[in-house]
Amino acid sequence: MQQLRFVKRNKLEWAEVPDPKITDLNQALVKPIAVSRCDLDIPILRGFTMFRPPFPVGHEFVGEIVSTSEELAAEFPKGTRVIIPFQISCGHCHSCESGQSKSCSTVSPLSAYGMGKGAKEFGGALSDLVLVPYAKQMLVPFSNKTDPVAIASINDNLVESWKLAGVHLKQNKNQRILILGGYAYSIGLYTAALAVHMGASEVVYADNNSKRLELAASYGAKVQEISEFPKSLGKFDIVADASGTLEGWNCGLKSLEIDGNFGCASIFWTNSVPIPYLDLYNNGANIKLGRVRSREWIPEILREVEQNGFDPSKVVTKKASWSDAAEAFIEEETKLVITR
């Protein structure tokens, strides 16, 4: 089969590799039908992260069942449309049963499709076929009426918006939220869209990019164009930092209301990121960092889409065909989805 691989900085190539095969119980073969480029993929391809080539790419995707191990055939018939968490998890270890499938202890740490060492073992979404281990625990079916392009990012960037906003607004929608846009392009926009959808009392989106500001405004967010992040942008119950900069990080922390909730989608490749400790100590702050819980939060976003009318589709700013994936995947774009 054909598989798209990251071979060196800013270069992807198609390679012929053996077809994955079902070799045990609780497995499925899935054909990806919509693959979204994660906000992290561009830094990876530019050589700005700790992930080193070569490895197959693509981890945000939805697909169709091609075949399963025999005992799953009735539950996942051929053609069933499914969401595949990008983090590999068994569903039965202590971490998985505790709602921390991102840290499944049955597989190697950080095992995932399309990134680093995990990709070398489990492959990437830009492949003709993908093998899903622990299929019964991992796969989440979705309706044929749901646009796969709109939710192609649901296993990562889209559920990041649940981490940053949804978990708080589900408990209390009467909260003001500030989203700092930037290098986590689509996450900031998904968060603004979700916050408006869930009825936050005020949604403010700050960025220096006019196109992203227009998109946020189209969802009903108040937008604030900035040339650089100020010391503070006011006081908010929830602050979601998708800026990818230390300036945004500091601005966000200093824009927290008393005992506010701060979440960050940015990854800083260091252990030396400062915080305004005394200010936060005096006022109180809840800082939530960490990788997204893909398997646990997919159903939350899917419910908002399929039952409550949430439409994330406008965040997708470009679609490209499967045959053009190698070129399209390395181009700058807010949200790219590869389809077939």
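Residues numbered from 1 in each chain as written. Predicted model: local features only at pLDDT ≥ 70, side-chain atom pairs only at ≥ 80, totals over all residues. Heavy atoms only, no water.

A.B. asks: An account of a nonpolar patch on the surface is requested, with residue identities and associated values reported.
C.D. replies: A surface patch of nonpolar side chains, about 660 Å² in accessible area, is lined by I275, Y277, L278, Y281, I287 and L289. Checked against the element boundaries, I275 lands in the loop between β13 (256-264) and α9 (277-283). (Patch = residues over 30% accessible without salt bridge, like charges linked within 9 Å, V, L, I, M, F, W, Y side chains within 5 Å. Areas by Shrake-Rupley, 256 points an atom, 1.4 Å probe, with all protein chains shown as cover. Salt bridge = Lys/Arg side-chain N within 4 Å of Asp/Glu carboxyl O. Helix = DSSP H or I, 4+ residues; strand = E, 2+ residues; numbered from the N terminus.)

A.B. asks: Which residues make up the environment of I330, and what values do they have?
C.D. replies: As for its placement among the helices and strands, I330 is situated in the loop between α11 (325-328) and β16 (336-339). Distance in space between the C-alpha atoms of I330 and S153 is 17 Å, their sequence separation being 177 residues. If sequence neighbours within four positions are ignored, I330 has contacts with N10, L12, R37, I42, L45 and R46. (Contact = heavy atoms within 4.5 Å.)

A.B. asks: Before we move on, can you summarise the UniProt feature "domain: Alcohol dehydrogenase-like N-terminal" (unreviewed entry) in the protein with the specific residues and values?
C.D. replies: UniProt records the feature "domain: Alcohol dehydrogenase-like N-terminal" (unreviewed entry) at residues 26-140, using the numbering of this structure. Helix makes up 18% of residues 26-140 and strand 25%, and the two end C-alpha atoms of the span are 14 Å apart. (UniProt positions renumbered as here; feature names shortened; annotations may be inferred.)

A.B. asks: So, the UniProt feature "transmembrane region" (unreviewed entry) in the protein: which residues are in play, and what are the values?
C.D. replies: Per the UniProt record, "transmembrane region" (unreviewed entry) is found at residues 177-200. Helix makes up 54% of residues 177-200 and strand 17%. Its end C-alpha atoms lie 7 Å apart.

A.B. asks: With reference to specific residues and values, describe the domain arrangement of the protein.
C.D. replies: One frequently used descriptor of interface size is the decrease in accessible area upon assembly of the parts. When the domains of the protein are assigned, the result is domain 1 (2-156 + 292-339) and domain 2 (157-288). The straight-line distance from the C-alpha centre of domain 1 to that of domain 2 is 26 Å. Taken residue by residue, the interface counts 37 residues in domain 1 and 26 residues in domain 2. Surface buried jointly by domain 1 and domain 2 totals about 2500 Å² across both partners, of which 65% is contributed by carbon and sulfur atoms. One can count 1 salt bridge joining domain 1 with domain 2. The salt bridge involving E300 is made with K170; its shortest N-O contact spans 3.3 Å. (Domains from an automatic or database assignment. Buried area = accessible area lost by both parts, 1.4 Å probe.)

A.B. asks: Can you break down the pattern of salt bridges residue by residue, with the values?
C.D. replies: Counting across every chain of the model gives 14 salt bridges. Across the pair E13 and K11 runs a salt bridge, and its minimum N-O distance is 3.7 Å. A residue is classified by how much of its surface remains accessible, and E13, at 37% relative accessible area, is partly exposed. On the basis of relative accessible area, K11 is assigned to the partly exposed category, the value being 33%. Note that K163 and E160 form a salt bridge whose closest N and O atoms lie 2.9 Å from each other. Note that K163 and E160 are positioned in helix α5 (residues 157-171) at a spacing of 3 residues, about one turn of the helix. A relative accessible area of 5% means that K163 is categorised as buried. What you see here is one network of salt bridges that share partners, running through K170, E300, R303 and E304. (Buried < 20%, exposed > 50% of the residue type's maximum accessible area, 1.4 Å probe, protein only.)

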